[in-house]
Amino acid sequence: MYSKVHSIGIIGVEGVPILVEADVSDGLPGFSMVGYLSSQVKEAQDRVRTALKNSGFRIPAKKITINLSPADIRKEGTAFDLPIAIAILSASGMIQSAGLSDCVFSGELGLDGTVNPVPGALSIVVAAKREGKKICYLPRENRREGVFTSGIQVIGIHTLKDLTDHLNGGKKLPQLPDDPVELKTEKDIYDVDFSDVGGQPFLRRATEVAVAGMHNIMYIGPAGTGKTMFAKRIPTIMPSLSFGEIMEISKIYSVCGLLSGETPIMNSRPFRSPHHTISPQAFAGGGRIPRPGEITLASGGVLFLDELSEFHKSTIEILRQPLEEGEITISRSHGAYLFPAKFLLAAAMNPCPCGFYPDRTKCRCSESQVNKYLGRISKPILDRIDICAESSPVSYKELRQEKKGESSAAMRDRIERARVMQMERFRGTNILFNSFMKKPDLEKYCGLFETEELYLKQIYDSMSLSARGYEKILKIARTIADLEGCENISKSHLAEAAGLRSREGKFWGGIYG
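Figured I'd write up the structure that's included with this text. (Residues numbered from 1 in each chain as written. Predicted model: local features only at pLDDT ≥ 70, side-chain atom pairs only at ≥ 80, totals over all residues. Heavy atoms only, no water.)

Some points on the overall build of the protein
Inference 1: Looking only at helices and strands, one finds 22 helices and 18 strands in the protein.
Inference 2: When the backbone C-alpha atoms are referred to their principal axes, the protein occupies close to 85 × 45 × 45 Å.
Inference 3: Across the 513 residues that make up the protein, the buried fraction comes to 52%.
Inference 4: Entry remark: accessible area of the protein is about 22,800 Å², with carbon and sulfur atoms responsible for 52%.
Inference 5: For the protein, the distance from the average position of its 65 positive side-chain charges to the average position of its 60 negative side-chain charges is 2 Å. (Helix = DSSP H or I, 4+ residues; strand = E, 2+ residues; numbered from the N terminus. Buried < 20%, exposed > 50% of the residue type's maximum accessible area, 1.4 Å probe, protein only. Areas by Shrake-Rupley, 256 points an atom, 1.4 Å probe, with all protein chains shown as cover. Lys, Arg positive; Asp, Glu negative; His and termini not counted. Charge placed at Lys NZ, Arg CZ, Asp CG, Glu CD.)

Let's talk about helix α3 (residues 81–91)
Inference 1: Buried residues dominate α3, accounting for 11 of its 11 residues.
Inference 2: Within the sequence span of α3, burial applies to D81, L82, P83, I84, A85, I86, A87, I88, L89, S90 and A91.
Inference 3: Directly after α3, the chain includes G93, whose backbone phi takes a positive value near 75°.

Quick notes on the environment of E424
Inference 1: Tracing the sequence through the fold places E424 in helix α18 (residues 408–425).
Inference 2: Within the structure, the side chain of E424 is placed 2.5 Å from the side chain of R427, a separation counted as a polar contact. (Polar contact = N/O pair within 3.5 Å; in protein donor to acceptor, adjacent residues only side chain to side chain.)

Describing helix α6 (residues 160–167)
Inference 1: Listing the buried residues of α6 in full gives L160, D162, L163, T164 and L167.
Inference 2: Where α6 terminates, the next one or two residues include G169, which has phi positive at roughly 80°.

Some details on the environment of A341
Inference 1: Counting through the fold element by element, A341 comes out in the loop between β16 (335–340) and β17 (344–349).
Inference 2: Judged by its relative accessible area of 2%, A341 falls in the buried class.

What to know about the pairing of strand β1 (residues 2–11)
Inference 1: Taken across its 10 residues, β1 has 7 buried, putting it largely inside the fold.
Inference 2: Connecting the antiparallel pair β1 and strand β2 (residues 14–25) is a turn made up of 2 residues, with G12 showing a positive phi of about 70°. (Pairing = 2+ DSSP bridges.)

Some thoughts on the nonpolar core
Inference 1: In terms of nonpolar packing, the biggest core is built from 67 residues, with L303, L319, F343, M349 and W508 touching the most fellow members.
Inference 2: If you tally residues by element for this core, the top one is helix α4 (residues 121–130), at 7 residues.
Inference 3: L303 has contacts with R272, P274, F283, E294, I295, A298, L319, F343, L344, L345 and A346, leaving out every residue within four places of it along the chain.
Inference 4: Among the nonpolar cores identified, the runner-up in size contains 49 residues, and V211, A346, M437 and Y445 belong to it. (Core = buried A, V, L, I, M, F, W, Y, C linked by side-chain atoms within 4.5 Å. Contact = heavy atoms within 4.5 Å.)

Focus on the packing of α3 against α6
Inference 1: Two numbers describe how α3 lies on α6: the axes approach to 12 Å, and their chain directions differ by 45°. Overall, the two elements α3 and α6 adopt an arrangement that is oblique. Once α3 is placed against α6, the crossing between them reads as right-handed. Side by side, α3 and α6 meet where L82, A85, I86 and L89 of the first sit next to L160, L163, T164 and L167 of the second. (Axes fitted to C-alpha atoms, helices over the stretch in contact; angles between N-to-C directions. Parallel < 35°, antiparallel > 145°, perpendicular 65-115°, else oblique. Left-handed = near helix turned anticlockwise from the far one by under 90°.)

A word on the side chain of N434
Inference 1: For N434, the location among the structural elements is in the loop between α18 and α19 (439–445).
Inference 2: Residue N434 is classed as buried on the basis of its relative accessible area of 0%.
Inference 3: A distance of 2.9 Å separates a polar atom in the side chain of N434 from a polar atom in the side chain of T479.
Inference 4: Leaving out residues up to four positions away in the same chain, N434 has contacts with G213, H215, Q422, R425, F426, K475, R478, T479 and D482.

A short note on the sheet that holds strand β18 (residues 387–390)
Inference 1: Read across the sheet, 5 strands follow the order β11-β14-β17-β10-β18 without closing on themselves; strand pairing throughout is parallel. Only two strands of the sheet have a single neighbouring strand rather than two, namely β11 (271–272) and β18.

This is the structure in structure tokens:
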């Protein structure tokens, strides 16, 4: 007899429909599986056969053929164990086949018939809903991930025997409460706040502008001046996640197996801070079957690279495509995998090996040592960083003052208002933030009056800007105007934007000028 069961495979971070076909016929007894399978999937025949036996089923001594379709998609992981078992039982007439076409099954089988959790449960349920299925059967531990998706019934199962009894109509599965996942507020999520930071008004302003327009930012200055402290507080002033962002980020973490029953979704913006010894594969994502790396895990949040100049050059250069396109493509012989990479890059570094350049009263590095150190950051990467903020030592008075700076909540309010202006401005386009504008967009959305045009020309000539530098000053000025609620860009906005770019020339002018 023939039977088919629906399942979902994972390609990148998205689910794709997989049809599991089973044929149980007369002939030489055997168990064969086809359909471009990895070794993990091929091993399913031993797990499934033993799980069926220990669940009380006696598989007839017949020829069993399993096909996972389509054959041009490589099947990975252990999540196909459960649908294979259900397909065999259906083809053998041991369970009722009616209604299986509306269901999706996914789960790993233990040898005793228990159904173990699998990564990517959220992507599986989303794909099942997209395919028009009504019910998705998942391991009990994955159920809370699945119920976050509305419009499809998600049932958690503990053992294969419980599921088969349920499908045969003889037993109801234990019903777990459909408790909604509570979305925590920023106050509950973050244990740091900008109100903790004293001094450094320039860094505070630069950070606010960077977040408002999603401009990549670099903090440069001596050690111990607050660079890391500012970077760690960036998520606290980013606007709250929308439902779509929550789903996209949660799917990434689900595929990586980083969600659990206690944290079934990601309701706060990611902050990823990989060590400078990280390999290019772990940074970009990789493996024989690629999985998301740090670049993708930071999507929707912040990728913080502390001690940027200490990262291997080949690792830093990986950022070129993601910073331009908001996604990263990893190619393998059996296909290309597309991962999201829409993050705000925050980097921190010292200006020289000792950290005190250009203060020659403290810095003992030679010019060649300074140039070599700063030259580790290539011009293409530097061009993709919009704001360069120089940190300075904090005075004792600033350190001890009782009244610190304003809170993250107050800064976030201004940023959210600026984001609303951008949303209205770019409605109907694929632009999300000011930093995403291209040259035609600058002409359309960053028009200047004659006085401002002349002033920008003076800036361009005095700073010896490149075409890319000119565009970045316009984008930053547009963001500063949005923070102040202004429709038009003024001279003060251009002046501040130029100041946020001038530090780059101060440190790298002699190298790339």
